[in-house]
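Structure at a glance
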Amino acid sequence: MPLGSLLAWKEGGLRRRRKLALAMVLTNLAVAALLALLVWLVLRASHSAFEGQARDNAEDMAAIAQASVGSELARVDSLMRSAIDEIGSLRSQGAARDADINRVLEAHRRLLPSTEGLRMADESGLVRWGNALPAGPPVNVADRPYFLEAKARGDEGRSIAGPLQSRVSGNWVIALVRPVRLQGRFAGVLYASVQTDYFRQLFSSYDIEGPDAVTLRMRDMQLIARYSPASTAKVQIGSTAASPELKIELARNPTRGIFVSKTVFDGIERTNAYRQVEGWPMLVFAGLSNERFYAPWRAQVLQVSLLVAVAWLLFAGATFAVHRAGRREFRSLRALAAEIHRTQALLHVAADGIHIVDRAGRLVGMSDSFAEMLGATRESLLGRHISSWDVNQNESRINAWLAKLKDGDRQRVEVQHRRDDGRILDVELQISVAKIDQELFIYGSARDISERKRLLASIEESSARIRDLYDQAPCGYHSIDARGVFVHVNATMLSWLGCTAEEVIGRTRLIDFLDEEGRATYASEFPRLVADGRLDGVEFVLKPRHGAARRVRASVTALRDADGRFLMSRSVTQDVTGQYEARQQIAGLMREQTAMLDNDIVGMAKLHGRRVVWKNRALARIFGYAAEELEGETARILYPDDETFERVGREAYALLAAGEHYRTHLQLLHKDGRRLWIDLCGVQLTNEVSLWTMADITAVKEAQTRAEYIAFHDGLTGLPNRLLLADRLRQAVALAARTGTRVAVCYLDLDGFKQVNDRHGHDAGDALLAEVGRRLQQSLRRDDTAARVGGDEFVLLLTMLEPGQDEWRRVLERLIAHVQAPIMLADGIGARVGASIGVAIVPEDGDEPSALLAKADHAMLRAKRAGKRRVELATPA
Ligand SMILES: Nc1nc2c(ncn2[C@@H]2O[C@H](COP(=O)(O)OP(=O)(O)OP(=O)(O)O)[C@@H](O)[C@H]2O)c(=O)[nH]1
């Protein structure tokens, strides 16, 4: 089977197999049905034959029985007539004595073996003649129907009666009756009693088997005799019991017929034939037992069925065997198909280009990868000669090479293939020669090694570069053997040693380049290297033959032989001279820094998650804590309240996170509850740790506050001075503009102050001015301002005045009254002064502070001129 069709076959295999199995089952069923039909037809035909035979046999037997019964009765009747004739002759001769009559009767009876009695009754029914008459009075048969009928008939015709029980013998008999006439007159009857048993015996002489039966009945169906060798059923003579089938058949055919029924007496099914006994109102029935008769047919049924069953089983077995063979074949083909699939899959995935060429060098098969390798399609490659892709060999040389190959040859060569796009590939080719069906095929596995070759070249180049790197590395590489003598040294190390390779390798020991400390290190560390196999961070000073010494740090591993013995060291050495010096410098700086941090002026703390992890002495001192108290505490204990603590945390850590520093002046809490002004500055050290400096600037802050106060306040009264007034006035004007309210700018000059000075001295004047200042302050609302602008000159700013109202007037009147009240000076001196006030209103009089003050000043001067102790408006109403 070609591969393609095998695979296609395998695809639909399962479906086909199911169909085949179904067809097989159906065929088997059809064959079974056909065989069953055949058996049925044959057996039915056979059954019909048996049935016909049974009918024929039954009819034959019925005919025989009818003939024998009929002939016996005819004989009896004929002898009866002869006896009557003889008796009549005797009587006519007058010699008919009883003894003569009896003799005649006896002579006839002897000729009738079936007849137990041949007797004659007289006209009154008394049985007076015949054999075996009982002693005593004669038996009377006058009541017997046959007697009455014979008497009534008036002819000499015969009749038959029975079955009945003989009054003479007591046996069951049938009676053949003929009337006896004397001179035309009824003179009695002659009757012959034939025992019913006679007929049983008659029938038993027939060839009757087993449950077959022969029965004799009267026309009215009274049973006379029945014989069946195997039937044990008791039958009652005289019984008229009959099967329905018998009755139906008899009604249809009164004289002869045939039917199948179960006999009423014994329930056995028989094929029955019947016939009327010719000349007599009697019927004989011959019944053949179906069970017995059909036994051979049943045996035949069994045999045929068995034969057919065996034949069918053989057929079914044969088809099943064929099916199994088919299944085995299917399985093997499926396994083969799977194997081919796997092989094909292998070919599909094979990285190497698998290909097959024939002896002529023509390509006959390939994997996808081979076609890909050559950059061609499978179709275009099939049939092509090796020389079409081999770069280095022409066709004739290839053919010559092919001609030498023989079965089993294997070769491995490196060649070059030309792809269809012209690219040349380096290829490693493995070939294997095999003979299949007497034909030689060459199996090739081509591996593209172009990349490998390129890699090898680049590795070569890299190795050279690494060698350079090794030599020119910024660190020294060297190895020493167990004696400490150099085995390898790179160029860097050589330069540090100030020697050439020839001078040191195999000749000089490392220890020759060490100072005293280095030798001690070597003495202690080298045995450790031999024992542990590794040393890290060993530092020593190299003293070269020429030039400056340098400090180096080495990482060393030990190389051992297969037995674990030390072979040599492998050291990577770094020049750490600069690092060492820097470290020394850093150590010095660290010492300086520690000294600086541990000062007693600027407090410093490191916080981790706002908890103090370190602090200097100054910090504890500034906040009044003992040296060991603050560490581990949260910084919150230095803050006066939660809000400040939170705010500083928010602001500071945002800046610190951005890499900036945070600085602020704020009040923190001394341990004794005092508030200290602190210059706080924080920087982030690591992700979680920040450094904080805290300088106590409380004294500076207080001095600053004081200086600010002095600059803006009048030293005598403590009221705002002209500078602060200017600021307050600007604010008041802006507020009025914002709120739509008015401001009264009141320029107040004391009246009569000079006299106080003059009369009581300058100190008393000062005291009075201070008291006036207090009174002015008291007379105003908190938001209003009273400022001293000159000797006895004050300016009052009344703010938040409703437009259209002269509220300010009431304020000034109250104020003037308050100022004018007597003032008690030192030493019980009393004094009084008045006040003249000029008022400018914002916005009516403008909003420019200096202009407003000038207008109010002018108004005040007008008040002075007008007589003092009064209030004048800049713009009179
Ligand atoms: N004691 C004292 N006197 C001062 C101070 N500054 C100014 N004076 C004096 O205060 C006086 C003010 O003069 P005036 O305003 O003319 O005195 P006056 O008596 O109130 O006169 P009128 O204003 O016209 O009513 C001058 O004699 C100044 O020497 C001060 O700080 N202390």
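Residues numbered from 1 in each chain as written. Predicted model: local features only at pLDDT ≥ 70, side-chain atom pairs only at ≥ 80, totals over all residues. Heavy atoms only, no water.

**Considerations on the site of the ligand**
Near the ligand, the surroundings consist of 16 residues, among which Lys754, Asn757, His762, Asp766 and Lys868 are the closest. Between histidine 762 and the ligand, the recorded distance is 3.0 Å, taken from a backbone N or O atom to a nitrogen atom. If the ligand stood free it would expose 650 Å²; the protein chains cover 66% of that surface. Listing elements by their share of the shell around the ligand, those giving two or more residues are β26 (742–751), α20 (753–760) and α21 (762–779). No other element matches the four residues that α21 contributes to the shell around the ligand. Residues of the shell around the ligand, tallied by class, amount to three nonpolar, five polar and eight charged. (Near = heavy atom within 4 Å. Polar contact = N/O pair within 3.5 Å; in protein donor to acceptor, adjacent residues only side chain to side chain. Areas by Shrake-Rupley, 256 points an atom, 1.4 Å probe, with all protein chains shown as cover. Helix = DSSP H or I, 4+ residues; strand = E, 2+ residues; numbered from the N terminus. Nonpolar A, V, L, I, M, F, W, Y, C, P; charged D, E, K, R; others polar.)

**A closer look at the sheet that holds strand β16 (residues 476–480)**
Pairing is antiparallel across the open sheet formed by five strands, whose spatial order is β17-β16-β20-β19-β18. Both outer strands of the open sheet, β17 (486–489) and β18 (534–542), are each paired with one neighbouring strand and no more. Direction aside, neighbouring strands of the sheet carry axes that sit 25 degrees apart on average. Pairing of β16 with strand β20 (residues 566–575) involves three bridges; the strand directions are antiparallel. The residue bridging glycine 476 from the neighbouring strand is threonine 573, located in β20. Strand contacts of helix α14 (residues 516–532): β16, β18, β19 (550–560) and β20, with the helix running at about 160 degrees to β18, the strand carrying the most contacts. (Pairing = 2+ DSSP bridges. Axes fitted to C-alpha atoms, helices over the stretch in contact; angles between N-to-C directions. Contact = heavy atoms within 4.5 Å.)

**Points about unusual backbone geometry**
Note that the residue after glycine 162, namely proline 163, is joined by a cis bond; omega there is 0 degrees. In this fold, proline 163 is placed in strand β3 (residues 159–165). Looking along the chain, the bond that leaves valine 842 and enters proline 843 is cis, with omega of 10 degrees. Tracing the sequence through the fold places proline 843 in the loop between β31 (834–842) and α23 (849–865). A positive phi angle is found at methionine 800, which is not glycine, with a value near 55 degrees. Secondary-structure assignment places methionine 800 in strand β28 (residues 793–801). Positive phi outside glycine occurs at aspartate 827, with the angle close to 60 degrees.

**A closer look at a nonpolar patch on the surface**
A contiguous nonpolar surface patch, about 380 Å² in accessible area, is contributed by Leu22, Val25, Leu26 and Leu29. Structurally, the position occupied by leucine 26 is in helix α1 (residues 3–92). (Patch = residues over 30% accessible without salt bridge, like charges linked within 9 Å, V, L, I, M, F, W, Y side chains within 5 Å. Salt bridge = Lys/Arg side-chain N within 4 Å of Asp/Glu carboxyl O.)

**Focus on the nonpolar core**
If you look at the biggest cluster of nonpolar residues, it comprises 57 residues, and the most contacted ones within it are Leu73, Leu176, Phe199, Phe203 and Met282. With 18 residues, the single largest contributor to this core is α1. In this structure, methionine 282 is in contact with Leu73, Ile160, Ile174, Leu216, Arg217, Met218, Arg219, Ile224, Arg275, Gln276 and Val277, ignoring residues within four places of it in sequence. With 33 residues, the next largest nonpolar core counts Ala744, Leu776, Leu796 and Ile841 among its residues. (Core = buried A, V, L, I, M, F, W, Y, C linked by side-chain atoms within 4.5 Å. Buried < 20%, exposed > 50% of the residue type's maximum accessible area, 1.4 Å probe, protein only.)

**Some details on the sheet that holds strand β11 (residues 353–358)**
Across the sheet, five strands lie side by side as β12-β11-β15-β14-β13; this open sheet has antiparallel pairing. The open sheet has two free edges, formed respectively by β12 (363–366) and β13 (410–418), since each of these has just one partner strand. Sheet twist, expressed as the average angle between the axes of neighbouring strands with direction ignored, equals 30 degrees. Where β13 meets strand β14 (residues 424–436), nine bridges bridge the pair, whose relative direction is antiparallel. Of the residues in β14, the one forming a bridge with glutamine 411 is isoleucine 431. The strands touched by helix α11 (residues 450–472) are β13, β14 and β15 (439–448); relative to β14, the strand with the most contacts, the crossing angle is about 135 degrees.

That's the geometry; what it means functionally is another story.
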